[in-house]
Structures are given as structure tokens and as C-alpha cells.
Amino acid sequence: MDTNTLASRPASIVSPGQLVEDIMNKTYVSREQAARRLGLALEELDSFYKGELELTKELAFKLRDATGFTASHWIGLERYYRRRLAKWQEGLASAEDSAS
């Protein structure tokens, strides 16, 4: 999946990373602090915020410690996000096939 397609996804398809970014911003946690708390390089953090970097179990447990939400909560959100994203992408591909 290319970055442009991911960036153009509907606003209703929210990645866990977007939620984490909102939480970090609302609690005045800098990018550097968030990256350190989550054990990510800044580039990885940005990729996670954009929904490009998939959430792993390890990251889910770090998010639990950083946000107070359970690891299973974050894993469930990741699964839901990936399912919705795949369904949307299937719709794009189907529309492109119909247009051809």
C-alpha cells in the first residue's frame, strides 16, 4: 500500500496511532518523549501516528503503560483499523476495475 493511498483514507478510518497522537498532544507529551516511552525512533513514531506502522504486542504493552488503556484494547483497535482499511482498499480496487 502506498503512502498517498493511506493518507487519502476517509476520516472515519482512524488508526490507533492517530488516537495515541491525540492523547500525547492533549497531555502535552512531546514527540521525543512519546518515542522514548514507546521505544520507537522518531521516524517509527511518525509512521505509527500515520497508521503505516502496525501495532505489535510489544508496542501494545508499552501503550498500556503510557496511556492506561489495556494492551488488548490497543490490539483490538489495530485489528479493527486494518479490517476497515482493507475493506476500503478493496472498494477502491473494485471501483478502478469497473472504470477500466
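Definitions and limits used
Residues numbered from 1 in each chain as written. Predicted model: local features only at pLDDT ≥ 70, side-chain atom pairs only at ≥ 80, totals over all residues. Heavy atoms only, no water. Helix = DSSP H or I, 4+ residues; strand = E, 2+ residues; numbered from the N terminus. Core = buried A, V, L, I, M, F, W, Y, C linked by side-chain atoms within 4.5 Å. Buried < 20%, exposed > 50% of the residue type's maximum accessible area, 1.4 Å probe, protein only. Contact = heavy atoms within 4.5 Å. Axes fitted to C-alpha atoms, helices over the stretch in contact; angles between N-to-C directions. Parallel < 35°, antiparallel > 145°, perpendicular 65-115°, else oblique. Nonpolar A, V, L, I, M, F, W, Y, C, P; charged D, E, K, R; others polar.

A. Summary view of the environment of Arg 83. Positionally, Arg 83 belongs in helix H6 (residues 71-99). A C-alpha to C-alpha distance of 25 Å links Arg 83 and Ala 66, two positions 17 residues apart in sequence.

B. Expanded view of the nonpolar core. Counting residues in hydrophobic clusters, the biggest one holds 17 residues, and the most contacted among them are Val 20, Leu 55 and Leu 63. Of all the secondary-structure elements, those providing two or more residues to this core are helix H2 (16-26), helix H3 (31-38), helix H4 (42-50), helix H5 (57-67) and H6. Apart from the residues lying within four places of it in its own chain, the contact partners of Leu 63 are Val 20, Leu 38, Phe 48, Leu 55, Gly 68, Phe 69 and Trp 74.

C. Geometry of the environment of Ser 12. Its location among the elements puts Ser 12 in the loop between helix H1 (3-7) and H2. A sequence separation of 41 residues divides Ser 12 from Leu 53, and the C-alpha atoms of the two residues are 19 Å apart.

D. Here's a closer look at the packing of H2 against H6. For the pair H2 and H6, the least separation of the axes is 9 Å and the interaxial angle reads 130°. One finds that H2 runs oblique with respect to H6. For the pair H2 and H6, the contacting residues are Pro 16, Leu 19, Val 20 and Ile 23 in the first and Trp 74, Leu 77, Glu 78 and Tyr 81 in the second. In the contact of H2 with H6, the residues fall into seven nonpolar, no polar and one charged.

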